[in-house]
Amino acid sequence: MNTVLVLLVILGVVRFVIFTQVALTARRNNLANLYWLAAFFGLSSIYVLFANSTPPTPLSNAPIFTLGGGFGQFCLALFVRSTFYPQHKNWDYWLVGLFVADLIGVVYGLAASDNYFAALVTTVATIVNWTWHLVAAWRARQRIMADSGVEDWIKARYRLMIAYTVFGMLSGIQALLATSYPAPQMPPIVTQSAIVFAAATSILQLLVWVTPEGFRRWLSRDQQVHSQARRQIQAQTIVTIVTASISEAEGSNISIISARAIRDSVGKMIQSDDNDAIDTHLATMSYNDWDALLSGGDLPQLIHNISGKNVAEAMTATRRMLAERQSLFTMSAR
């Protein structure tokens, strides 16, 4: 039995489990950015089986592994851009250009039977990509660390995300050394440590993107359980986040208008003008409810009618901000 191949199959299964969970979450919550992440895990669950491991396995195949890695990193880059930098859609052109350049380099290396060069091109792109992911996750974590409304498990999830990007970078550096031209003269530990970094990365990714309910509760063990009073406070926090996000995009004078429009929209939804009834409903709204209100409900039109402003882009930015703080909602870990 080839031990390395068995380990690679296990890694492939773990990544396929993450792919399935992320894809289901993307479909359930209509989050287009998560489809790119799902694509990354789906591709990596396949191409990892063809890894150029040391010692090699019966499935080791440099072209498949290198090309698969290139496409996977492209999907990961689009996930980082659309998740952490949704306002910079023009960056996609740069990412496509860099991906095409990477693909040309890989194809050239493979056509010239120079697997080292092909792997080198993809590996450099991988290191840069993981570094970008690390910086984006770190900044997102910094934005929510002081927010008492965000539960501990969400903050811990960002720390785990930072950890897996570090292991991803180490894996890339290891691959850079193992696929460089002097690799045959390097100590075995340099060329054989890839499976360790890959396993650590996959385990951390599993905890971040699947997050078992028991693990989530353990991470938030020091916080009190949701009570009606806490949920009402969270509802007010959500309203504050929404109005602040819209105001940042459209100008400070729209903040009061947005808060009024939110309450009017919810009142229309429950067919009541009673403030207590509106407050009660706000406290029970889930992520899906808010996402529907921001994307396809009456709220954007109400704000437009009152202020004369088109707030479509502000609504999109607000949905991203709420997704970042998803523990503000009464929902299970997903």
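Being a predicted model, the structure only gives us computed values, none of them experimental.

Here is what the cut-offs are and how they apply
Residues numbered from 1 in each chain as written. Predicted model: local features only at pLDDT ≥ 70, side-chain atom pairs only at ≥ 80, totals over all residues. Heavy atoms only, no water. Helix = DSSP H or I, 4+ residues; strand = E, 2+ residues; numbered from the N terminus. Buried < 20%, exposed > 50% of the residue type's maximum accessible area, 1.4 Å probe, protein only. Contact = heavy atoms within 4.5 Å. Expected span 1.5 Å × (residues − 1). Salt bridge = Lys/Arg side-chain N within 4 Å of Asp/Glu carboxyl O. Patch = residues over 30% accessible without salt bridge, like charges linked within 9 Å, V, L, I, M, F, W, Y side chains within 5 Å. Areas by Shrake-Rupley, 256 points an atom, 1.4 Å probe, with all protein chains shown as cover. Core = buried A, V, L, I, M, F, W, Y, C linked by side-chain atoms within 4.5 Å.

**Student:** What is the right way to look at the overall build of the chain in this model?
**Tutor:** Helix and strand counts for the chain come out as 15 helices and 0 strands. Out of the 334 residues in the chain, the part that is buried amounts to 45%. Taking as baseline every contact in the chain between residues at least 6 positions apart, the subset at least 24 positions apart corresponds to 71%.

**Student:** Explanation requested: helix α1 (residues 3–29) in the structure shown.
**Tutor:** Every α-helical turn comprises 3.6 residues, leaving residues that sit three or four positions apart pointing alike. The end-to-end C-alpha distance of α1 is 39 Å, a good match for the 39 Å that 27 residues give at a rise of 1.5 Å each. Those residues of α1 not exposed but buried are Val4, Leu5, Leu8, Leu11, Gly12, Arg15, Ile18, Val22, Thr25, Ala26 and Asn29. Positive backbone phi, at 55°, marks Asn30, one or two positions downstream of α1.

**Student:** What should I look at first to understand the pattern of salt bridges in this one?
**Tutor:** A pair can form between side chains of opposite charge whenever their charged atoms are brought close. Evaluated as defined, the whole model comprises 3 salt bridges. Close ionic contact of Arg81 with Asp92 constitutes a salt bridge, the shortest N to O distance being 2.8 Å. Here Arg81, found in helix α3 (residues 62–84), pairs with Asp92, found in helix α4 (residues 91–111); they are 11 residues apart in sequence, far enough to count as distant. Accessibility expressed as a relative area gives 7% for Arg81, which makes it buried.

**Student:** How do you make sense of a nonpolar patch on the surface when you look at a structure like this?
**Tutor:** Nonpolar side chains collect at one region of the surface, where Val166, Leu170, Ile173 and Leu177 lie side by side and expose about 280 Å² of accessible area between them. The topology assignment puts Leu177 in helix α6 (residues 152–178).

**Student:** Teacher, can you tell me more about the nonpolar core here?
**Tutor:** Burial of nonpolar side chains together is a common tendency in soluble globular proteins. By size, the foremost hydrophobic cluster in this structure holds 37 residues, and its most contacted members are Leu34, Leu37, Phe40, Phe79, Phe84, Met161 and Trp209. For this core, the element with the most residues is α6, which contributes 9 residues. In this view, Phe84 contacts Phe79, His133, Ala136, Ala137, Ala140, Tyr158 and Met161; residues no more than four positions away in its chain are not counted. In this structure, Val239, Val266, Met285 and Leu293 belong to the second largest nonpolar core, which totals 13 residues.

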